[in-house]
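# Coordinates in review
One letter stands for each residue in the lines below.
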Amino acid sequence: MMVPQRKTSGQSASRHRDGRHSYAEHQPMQKRRGQEMRHSIKRPHDNKLRFIALGGLGEIGRNMMLLEYQDDIIIIDMGLQFPGEETPGIDYIIPNISYLKDKTKNIRGVLITHGHYDHIGAIPQLIGKLGNPTIYATPLTAAIIKKRQIDFPHASKLNIEHINETTVTKLGVFSVRYFPVMHNIPEGIGMEIETPIGIIVHPGEFKFYYDRNNNPVGLEAFKELGKKKPLLLMLDSTKSEEPGRSMPEWQVEENIEELLRNAKGRVIVSTFASLLDRLTQIIHIADKLERRVAITGRSMEANFAIAKELGLVKIKKETIIPIKEIGKYKDEKILIITTGAQGEENAGLTRMAAGTHRDVHVRKNDTVIFSSSIVPGNEMAVQVLRDNLSRQGATVYHYKILGIHSGGHATRTELKEAINIIKPKFFLPIHGFYYMRQVNAKLAEEEGGIPAHNIVVGENGQVIEITPESIQLTKEFVPTSHVMVDGLGVGDVGEVVLRDRQALSADGIFVIIAVVDSQTGKVRGSPDIISRGFIYLRESRELLYHARQLTKKIIEDATQNMHPVNWTWVKDNVRDRLGKFLFQKTERRPMVLPVVIEV
Ligand SMILES: [Zn+2]
């Protein structure tokens, strides 16, 4: 039997020389690359529990974490991440599962915390590659997963088992219990994971539910966990920078109702389609106030269908009407729910504001409500959208000027309370960028009384080793580079394609077409130039003249001296020298595409 050599790799990174801020240390980038290579020769044959995040630490989204103890692995969530500016043209990014490639037989199950795409969105692409392990999810979450799977006809058939508060899932050495948590989608769950080294608590994404006196209610599950003296608490860091408590949902509901009651004309509400709680809440208020509801936008309609199927919507039959029929009712009897609260280019609200929506044109007396927060990066698009809506005469409300939205994540006071109720020995902030997680770590140290050496802030891919005595960041990193999904293909957008897109978006494209007489080797006439996003051609005559001359010279030099002519070499040469020339003159680097046509 092979007994692998395994060095205890965690010593230097998390050793806190002065007993403080050990969680601030992390490995420099270069070191990490080399370490990625080595993971395959190691096998965890000791009594340490390994925690690895394949995504979700270092970004918002792409959540996928795993716990590994000897030959047993459980996976928590399998989400996607929506693209940013560094990945133009990409649909979304999914976790890198290379680490699990040779370990699929060890995977005991996939536990899903809730039905948001950043927690379930990578299932269609990944589950088959992982040997199709069983997915454990609540009925609603399972329904969303199955619905999404329909869009991927070639993906594996799913094995899903429903879970609830009374289920105990035995997965190898792990046994998992669940408790309901409040998020902004129904049926979110937290997990109590019994491991050979102690209990790990992962409350998923949650916030507290408040009564009319703003006291948190329903904390029994948290208190019960506290009694069990858990070893480790993993805690969502998304809102760790936001002071105070979440706005209670009853307050949001009252404010929306008040708005709807007072609105003189039509009301158009825009929110995230995935915020099922908000969606059903608004529909119920409209139903109560006898406004007809028209839902538009594909994702919004799909999520409404799911909510209805699961019995989350209890309204009068006549309340929901097709969007085409809004004209049949008085304005003050209409509520329209649409996508586009983030200013997305093709979403319903954007088109309504631009006057290009087929069924709805925004007009005076309309009230537009943005009931969602703005995803970082979308601020400008949302501003433009609000401007356009206001110009059309609509009254626009958003959550900052009126309490019509409350997020789904615990804010500082709630995080602090959760830490103090659960009282874990070790603390591991998860979800969000490094800074957010570090702020969460500070909170646990300063307000939760957890000593700094019991707190770690790791990176994606970094192996964290946990024993009953210690939690340590190791120097071992598993691969977590982005896997990009473009259209329906996975990972077929390589670095090259991405670099091209970046170059195109930065400096444009410059195409030069030369027709060469194969008899004489001379360029016929003057080469044609097509350019986009680089320079304004009409104002650059001189530059273009020189570009044509240079191209002509390079080609003719080659045809005179080279037999037979190596056209690939000629084109490479044109690309290089023309590229340099253009850079000298303009300090820009457009993508240069030489085309040579022999006649
Ligand atoms: Zn969520």
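Residues numbered from 1 in each chain as written. Predicted model: local features only at pLDDT ≥ 70, side-chain atom pairs only at ≥ 80, totals over all residues.

Further remarks concern the overall build of the protein chain. A count of helices and strands for the protein chain gives 16 helices and 27 strands. In the protein chain, buried positions account for 43% of the 599 residues. For the protein chain, long-range pairs separated by at least 24 residues make up 72% of all intrachain contacts whose partners lie at least 6 apart in sequence. (Helix = DSSP H or I, 4+ residues; strand = E, 2+ residues; numbered from the N terminus. Buried ≥ 20, exposed ≤ 12 C-beta atoms within 10 Å, placed from the backbone. Contact = placed C-beta atoms within 7 Å.)

Attention now goes to the confidence of the model for the protein chain. A low pLDDT means the predicted coordinates there should not be read in detail. The pLDDT averaged across the protein chain works out to 86; a share of 89% of its residues lies at or above 70. Segment residues 1-42: pLDDT under 50, and 55 contacts once partners within four positions in sequence are set aside and those in other chains are kept. (pLDDT = per-residue confidence, 0-100.)

This paragraph deals with the environment of His-357. Relative to the assigned elements, His-357 resides in the loop between α10 (348-354) and β18 (367-370). Owing to 20 C-beta atoms within 10 Å, His-357 belongs among the buried residues under this scheme. When the C-alpha positions of His-357 and Ala-347 are compared, they lie 9.4 Å apart, and in sequence the two are 10 residues distant. Beyond its immediate stretch of four places on either side in the chain, His-357 contacts Gly-348, Arg-351 and Met-352.

Further remarks concern the pairing of strand β2 (residues 64-69). Among the six residues that make up β2, six are buried, leaving the element largely enclosed by the rest of the structure. Neither face of β2 is left uncovered, since the one carrying Met-64, Leu-66 and Glu-68 and the one carrying Met-65, Leu-67 and Tyr-69 both have all their residues buried. In this structure, strand β1 (residues 49-55) lies alongside β2, joined through five bridges in antiparallel fashion. What sits directly across from Gly-55, in β2, is Met-64. With five bridges connecting them, β2 and strand β3 (residues 72-76) associate as antiparallel partners. Looking at β3, one finds that Tyr-69 is bridged to Asp-72. Two successive antiparallel strands, β2 and β3, enclose a turn made up of two residues, where Gln-70 displays a positive phi of approximately 50°. (Pairing = 2+ DSSP bridges.)

Let's shift gears to the packing of helix α12 (residues 412-422) against helix α13 (residues 434-446). Where α12 contacts α13, the two axes come as close as 10 Å, and the packing angle between them is 50°. Taken together, the axes of α12 and α13 are oblique relative to one another. Judged by the twist between their axes, the crossing of α12 over α13 is right-handed. On α13, the residues touching Arg-412, Leu-415, Lys-416 and Ile-419 of α12 are Asn-440, Leu-443 and Ala-444. When its residues are assigned to classes, the contact of α12 with α13 shows four nonpolar, one polar and two charged. (Axes fitted to C-alpha atoms, helices over the stretch in contact; angles between N-to-C directions. Parallel < 35°, antiparallel > 145°, perpendicular 65-115°, else oblique. Left-handed = near helix turned anticlockwise from the far one by under 90°. Nonpolar A, V, L, I, M, F, W, Y, C, P; charged D, E, K, R; others polar.)

One open sheet accounts for five strands, arranged β16-β17-β15-β18-β19; its pairing is parallel. Pairing within the sheet leaves two strands with one partner each, and these edge strands are β16 (292-295) and β19 (395-398). Each strand axis lies, on average, 20° off the axis of its neighbour in the sheet, ignoring direction.

Among the nonpolar cores identified, the biggest contains 91 residues, and Ile-52, Ile-74, Ile-75 and Leu-232 are the most heavily contacted of them. With residues near it in sequence (within four places) discarded, Ile-74 still touches Leu-66, Leu-67, Arg-108, Gly-109, Leu-111, Leu-171 and Phe-174. Listed in part, the 45 residues of the second largest apolar core include Val-267, Phe-272, Ile-282 and Ile-336. (Core = buried A, V, L, I, M, F, W, Y, C linked by C-beta atoms within 7 Å.)

A word on the sheet that holds strand β8 (residues 168-171). Whether parallel or antiparallel, the strands of a sheet pair through hydrogen bonds between backbone atoms. If you walk across this open sheet you meet the six strands as β8-β9-β10-β11-β14-β20, and the pairing is mixed. Bordering the open sheet on either side are β8 and β20 (426-430), each of which pairs with just one other strand. Averaged over all adjacent pairs, the angle separating strand axes in this sheet is 20°, with direction ignored. This element, α13, spans β14 (232-236) and β20 of the sheet and lies at about 155° to β20.

With that settled, consider the environment of Ser-240. With respect to the helices, strands and loops of the structure, Ser-240 is situated in the loop between β14 and α7 (249-262). With 25 C-beta atoms counted inside 10 Å, the residue Ser-240 sits in the buried group. For Ser-240 and Leu-443, which are 203 residues apart along the polypeptide, the C-alpha to C-alpha distance reads 8.3 Å. When near neighbours in sequence (up to four residues on either side) are disregarded, Ser-240 contacts Arg-412, Leu-415, Met-436, Val-439, Asn-440 and Leu-443.

This part takes up the packing of helix α6 (residues 220-227) against α12. Two numbers describe how α6 lies on α12: the axes approach to 7 Å, and their chain directions differ by 40°. Looking at the two axes, α6 sits oblique to α12. Counted together, Phe-222, Lys-223, Leu-225 and Gly-226 of α6 and Ala-418, Ile-421 and Ile-422 of α12 form the full contact between these two elements. Among the residues forming the contact of α6 with α12, the class breakdown is five nonpolar, one polar and one charged.

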